[in-house]
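Below are the chains, spelled out letter by letter.
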Amino acid sequence: EVLERLTALRETLALVSVEDWSAPALEAAIRGFCAAQVLKTPLVFHPLRVAVSGRAQGPSLFDMLAVLGKDRVLARLDAAVARWLQNIPPVPTS
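A short tour of the structure in this document, coming up.

What counts, and at which threshold
Residues numbered from 1 in each chain as written. Predicted model: local features only at pLDDT ≥ 70, side-chain atom pairs only at ≥ 80, totals over all residues. Heavy atoms only, no water. Axes fitted to C-alpha atoms, helices over the stretch in contact; angles between N-to-C directions. Helix = DSSP H or I, 4+ residues; strand = E, 2+ residues; numbered from the N terminus. Left-handed = near helix turned anticlockwise from the far one by under 90°. Contact = heavy atoms within 4.5 Å. Nonpolar A, V, L, I, M, F, W, Y, C, P; charged D, E, K, R; others polar. Parallel < 35°, antiparallel > 145°, perpendicular 65-115°, else oblique. Buried < 20%, exposed > 50% of the residue type's maximum accessible area, 1.4 Å probe, protein only. Salt bridge = Lys/Arg side-chain N within 4 Å of Asp/Glu carboxyl O. Core = buried A, V, L, I, M, F, W, Y, C linked by side-chain atoms within 4.5 Å. Phe/Tyr/Trp six-rings, centres within 6.5 Å; stacked < 30°, edge-to-face > 60°.

Their axes nearest at 11 Å, the elements helix α3 (residues 42–53) and helix α4 (residues 61–68) cross at an angle of 35°. Judged by the sense of rotation from one axis to the other, the crossing of α3 with α4 is left-handed. Taking contact as the criterion, the partners of Phe45, Leu48, Arg49, Val52 and Ser53 in α3 are, on α4, Leu61, Phe62, Met64, Leu65 and Leu68. Residues of the contact of α3 with α4, tallied by class, amount to eight nonpolar, one polar and one charged.

Another aspect to go through is the packing of helix α1 (residues 2–14) against α3. Two elements in contact, α1 and α3, have axes separated by 10 Å at closest approach and are oriented at 80°. As far as their axial angle goes, α3 and α1 are roughly perpendicular. Facing α1, whose interface residues are Val2, Arg5, Leu6 and Leu9, α3 presents Leu43, Val44, Pro47, Leu48 and Ala51. A per-class count over the contact of α1 with α3 returns eight nonpolar, no polar and one charged.

Quick look at the environment of Thr7 now. Along the chain, Thr7 turns up in helix α1. Residue classification places Thr7 among the partly exposed residues on the basis of a relative accessible area of 33%.

Taken as a whole, this structure holds three salt bridges when the rule is applied. Between Asp78 and Arg10 there is a salt bridge, and its shortest N-O distance comes to 2.6 Å. Separated by 68 residues along the polypeptide, Asp78 in helix α5 (residues 70–85) and Arg10 in helix α1 bring together distant segments of the chain. Classification of Asp78 by relative accessible area gives partly exposed; the value is 37%.

Here we take up the nonpolar core. In terms of nonpolar packing, the biggest core is built from 28 residues, with Leu13 and Ile30 touching the most fellow members. Mapped by element, the contributors of at least two residues to this core are α1, α2 (23–37), α3, α4 and α5. The contacts of Ile30, once residues within four sequence positions are left out, are Leu9, Leu13, Val44, Phe45, Leu48, Phe62 and Leu65.

Turning our eyes to something else, we now look at the packing of aromatic side chains. Using the criterion set out here, one finds one aromatic pair in the structure. Between Phe45 and Phe62, the aromatic rings sit 5.4 Å apart at their centres with planes inclined by 90°, giving edge-to-face as the arrangement. You can see Phe45 sitting in helix α3 and its partner Phe62 sitting in helix α4, a full 17 residues away along the chain. For Phe45, a relative accessible area of 15% corresponds to the buried category. On the basis of relative accessible area, Phe62 is assigned to the buried category, the value being 9%.

Take a look at the structure:
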């Protein structure tokens with residue numbers, strides 16, 4: 001389930017333009033994804049945070065995504081999905 005959610009969320013985030021890549025826009029997109037999929041936010045927020053940062057806790061999820069930038073976030077999601085498929089644990093990033 002988590003793999004499918006992250007893959008679908010990646011597609012949603014890919015639709016957010018670089019110009020709109022901000023904490024408020026990302027929050028709206030991710031919360032909209034949760035609503036459309038009828039998912040409680042922790043089922044999306046926590047796996048997303050671990051996939052992108054390698055950590056279970058940290059700064060505001062949306063601020064972190066905005067600071068990292070679209071290319072880096074999408075690349076980290078791709079890498080997390082690839083690791084998941086290979087059964088490799090997440091690697092913390094600094």
